[in-house]
Every structure is written in structure tokens, then in C-alpha cells.
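# Geometric and topological summary
Now for the letters of each chain:
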Amino acid sequence: MEKNALIYVAGHTGLVGSAIVRKLRAEGYERLLLRTHAELDLTDACATEEFFQTQRPDYVFAAAGLVGGIKANSEAPADFFSVNMAIAQNVLWSAFRSGVKKLLYLGSACQYPKECAQPMKEEQLLTGLPEITNEGYALAKICACRLCSYMKRQYGANFISAIPANAYGPNDCFDPQRSHVIPALIMKYLNAKKTGAPRVELWGTGKALREFLFTDDLADGCLFLMDNYDGDETVNMGSGREISILELSKTIGRIVGYEGEIVCDPDKPDGMMRRMLDSGRINALGWRAKTDIVSGLEQVRDWYLKTNG
Ligand SMILES: NC(=O)c1ccc[n+]([C@@H]2O[C@H](COP(=O)([O-])OP(=O)(O)OC[C@H]3O[C@@H](n4cnc5c(N)ncnc54)[C@H](OP(=O)(O)O)[C@@H]3O)[C@@H](O)[C@H]2O)c1
């Protein structure tokens, strides 16, 4: 991307979009086009078309979407499907019609089949049904990534897509109804410290393995793909490192200063025992995540304490 290019980051107030904006600014990109959800509802086809036709961005990072946890997804599959489909349809087609040079669409690891060999390779996409609890969301994200490929194939649009691993970082959602595992654990241990709880219970055996990607690395990967990838297949973007839920809990307990005991309850469900992306393709292109999990978690803790007193 040229340093004077006009760059639209859709979803710039979110976890991922805000990290992309930070990274672009740090790299010296100054012509950023940003609209809040209230200013531009991307499910509104006319408003989206008008925005692209009048603003004419050169590059687009498509990081806007309706995102939620298992509960929200399983209660509102129609909304998660339709809103994300509408955003993808409107953004991709309006971007194409207005002559955007290149667009990166962000998918999600839940696009992979529920029963998927681990680590998950890009070739395994569309080889089975996604997890039922977030099927609506996953199907919309699958369609969006495929649409990028189809538009490239049929019209030569330079639209690419990536699947980042579970992201964590500053600006994460700490609302207990919607939060992901890392903010939920940070709040759990901060509360336990505050109340002086002697022990904290952890659901499951603690042995389940998860992969997390710090949002600064995610943003770095997005800029890397914009500059270095023109293929028509979706690309995984993971940290390449796994951590058990117990180890993650202990690390978070330690960095927030909780000194009590952490007790696993093996009668409660673990969820999938392993869920990891195979990032061989992006690694072969020359990109790797840099942030180790302790340093990433410390940055999230510091951000949370600063913004929440
Ligand atoms: N978080 C992860 O672990 C992760 C991992 C891989 C991929 N991704 C992908 O990255 C994207 C962003 O995720 P995130 O975690 O950053 O989500 P997020 O924090 O919820 O941010 C979503 C952003 O999209 C905006 N948005 C939602 N609906 C909109 C609409 N109709 N019109 C305009 N803007 C709208 C939101 O604005 P409001 O908040 O004002 O509604 C917010 O700025 C998603 O597509 C997701 O699939 C996320």
C-alpha cells in the first residue's frame, strides 16, 4: 500500500479494527477513512454504496461484523447470519463498483468444520458442517470468503480473505454476557483478588488447548497480507502457539496478582480438546506472530485497569 493511499477500515471501533488502525498509524498511513456504526450502517445497501461512490477508498480492511459468544450466537442465528451476510454483500460489491484496488476480508476460525483434523488447514474448509451453536455466523463468514474468491476469479477484483485465530488485546469486550475467554478470566481473577476468595474454580479438566493471537500481531498480519498476498484462497493467521486452559488461568492469575488456589472441575465440560490453525501457508510467505502470551496478557491487563480504574 502506498503511504498516501486512502484506506477504509470497516469496524474500526472493534477489537480487530482498532488494532488495524493503530498499526496503520504507527506505519505512517495518515489518510484513514473511518465511520462508526452509527454514522454508516453497513447492512444498509444504499448508504454503503453512496459512501464508497463518494469517498472512493483505495484499500479496504473489512473488519466490521456482528460478533458474539456462544450464547448470543445460539439464541440469534438468523441475526448473525443475515447481518454478516448483508455487511459482506454490501461492502464487497460497493468496494468493487467504486474501484477499490485491494480488499482484505476477515473471516473466523468457526468457519472450519466441527469435526476437523488439528491443526486446521485451509484445505479443510467446506469439508463438513460447522459447530451448530454458531452455524449462522460461520455460514455467513464462509460465504463472504468465497465471494472474495469468486469476485477475483470472475472480475479480477483483488479481494483476499484471512482467518485469524482467537484474538485478544486492548479494546476487548469485558461485558460478562459477551466476553471471550481471556477477558472473562481476567475479570474472574481480578474479582477473586478483590474479594479475597481462597480458591477459584475452573470448568473442565483445564487440559483443553487453545491458540490465541494478540491483536497487534493480527493487525501486523493484515498489513502483511495486503502487501504480499494476492491468492484466491483464504489464509489462516495464527500465533502457532497453544496453551492449556489451566496454564492460561494460572498465567492470568499471576499477572493480576491473585494468590489463591485454582481448582479444576473435571465434571464440567472442556469443549473441544484442541482447536488450532495451521499457519504454514502464511509462515511460508514470510509472516510470523511476534508477541508472547505473557506480554500480550500484561498489555490487556494494563489497558483494562487504565480504562476501568
Ligand atoms: N475477535 C476475534 O477473536 C476474531 C478472530 C478472528 C476473526 N475475527 C473477525 O474480525 C471481525 C471483527 O471482530 P471483532 O472481534 O473486532 O468484533 P467487535 O469488537 O465486535 O467489532 C465489530 C465492529 O464492527 C462494527 N459493526 C457491527 N455491525 C455493523 C454494521 N451493521 N455497520 C457498521 N459497523 C458495524 C462494530 O461497531 P459497533 O460496536 O458500534 O456495533 C465494531 O466496530 C469479525 O468479522 C470477526 O469475524 C475476530
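Above this text you will find the structure in question.
Here goes a summary of the coordinates provided. For clarity, every value in this text was computed on a predicted model and none was experimentally measured.

## Here we look at the overall build of the protein
Within the protein one finds 10 helices and 12 strands. With the principal axes as the frame, the protein shows a C-alpha extent of 60 × 40 × 40 Å. Residue burial in the protein is summarised as follows: out of 309 residues, 41% are buried. For the protein, contacts bridging at least 24 residues in sequence account for 81% of all contacts bridging at least 6.

## A look at the packing of helix 1 (residues 15-26) against helix 7 (residues 215-228)
Where helix 1 contacts helix 7, the two axes come as close as 8 Å, and the packing angle between them is 65°. In this view, helix 1 runs roughly perpendicular relative to helix 7, as classed from their interaxial angle. Crossing of helix 1 against helix 7: the hand is right-handed. Contact residues: Leu15, Val16, Ala19, Ile20, Arg22 and Lys23 in helix 1; Thr215, Asp216, Leu218, Ala219, Asp220, Cys222 and Leu223 in helix 7. Considered class by class, the residues forming the contact of helix 1 with helix 7 number 8 nonpolar, 1 polar and 4 charged.

## Concerning the sheet that holds strand 3 (residues 59-62)
Pairing is parallel in the open sheet, where 6 strands are placed in the order 2-1-3-4-5-9. Each edge of the sheet is formed by a strand with only one pairing partner; in this case those strands are strand 2 (32-33) and strand 9 (235-237). Across 4 bridges, the pairing between strand 4 (residues 102-106) and strand 5 (residues 159-164) is parallel. Paired with Leu106 across the bridge in strand 5 is Ala162. Against the sheet, helix 1 contacts strand 1 (7-10), strand 2, strand 3 and strand 4, and its axis sits at roughly 155° relative to strand 1.

## Some details on the nonpolar core
In this structure, Ala10, Ile20, Ala62, Leu104 and Tyr105 are the most contacted members of the largest nonpolar core, which totals 82 residues. The contact partners of Ala10, leaving out residues within four places of it in the chain, are Gly17, Leu42, Val60, Phe61, Ala62, Ala63, Ala64 and Val91.

## Focus: the site of the ligand
Every one of the 24 residues lining the ligand counts as a neighbour, but Gly11, Gly14, Val16, His37 and Gly65 are closest to it. Breaking the shell around the ligand down by element, the ones donating at least two residues are helix 1 and strand 6 (166-168). Residue contributions to the shell around the ligand peak at 3 residues, all from helix 1. Along the lines of polarity and charge, the residues of the shell around the ligand split into 12 nonpolar, 10 polar and 2 charged.

## Thoughts on unusual backbone geometry
The amide bond that connects Gln118 to the next residue, Pro119, takes the cis arrangement and shows omega of -10°. Considering the arrangement of structural elements, one finds Pro119 in the loop between strand 4 and helix 5 (135-155). Residues other than glycine seldom take positive phi values, yet Arg56 does so here, at roughly 50°. Owing to 13 C-beta atoms within 10 Å, Arg56 belongs among the partly exposed residues under this scheme. Positive phi is not limited to glycine here, since Leu126 has a value of about 65°. Judged by local crowding, Leu126 falls into the partly exposed class, with 13 C-beta atoms found within 10 Å.

## Points about helix 4 (residues 77-97)
Side chains three or four residues apart in an α-helix point the same way, a direct result of the helix having 3.6 residues per turn. Relative to the 30 Å expected for 21 residues at 1.5 Å per residue, helix 4 spans 30 Å between its end C-alpha atoms, a close match to the ideal helical length. Turning to helix 4, its buried residues number three or more, namely Phe80, Phe81, Val83, Asn84, Ile87, Ala88, Asn90, Val91, Leu92, Ser94 and Ala95.

## As for helix 7
Taking 1.5 Å per residue, 14 residues should reach 20 Å; helix 7 reaches 19 Å between its end C-alpha atoms and fits that length. Across the 14 residues that make up helix 7, a large majority, 10, are buried.

Procedures and definitions
Residues numbered from 1 in each chain as written. Predicted model: local features only at pLDDT ≥ 70, side-chain atom pairs only at ≥ 80, totals over all residues. Helix = DSSP H or I, 4+ residues; strand = E, 2+ residues; numbered from the N terminus. Buried ≥ 20, exposed ≤ 12 C-beta atoms within 10 Å, placed from the backbone. Contact = placed C-beta atoms within 7 Å. Axes fitted to C-alpha atoms, helices over the stretch in contact; angles between N-to-C directions. Parallel < 35°, antiparallel > 145°, perpendicular 65-115°, else oblique. Left-handed = near helix turned anticlockwise from the far one by under 90°. Nonpolar A, V, L, I, M, F, W, Y, C, P; charged D, E, K, R; others polar. Pairing = 2+ DSSP bridges. Core = buried A, V, L, I, M, F, W, Y, C linked by C-beta atoms within 7 Å. Near = placed C-beta within 6 Å. Expected span 1.5 Å × (residues − 1).

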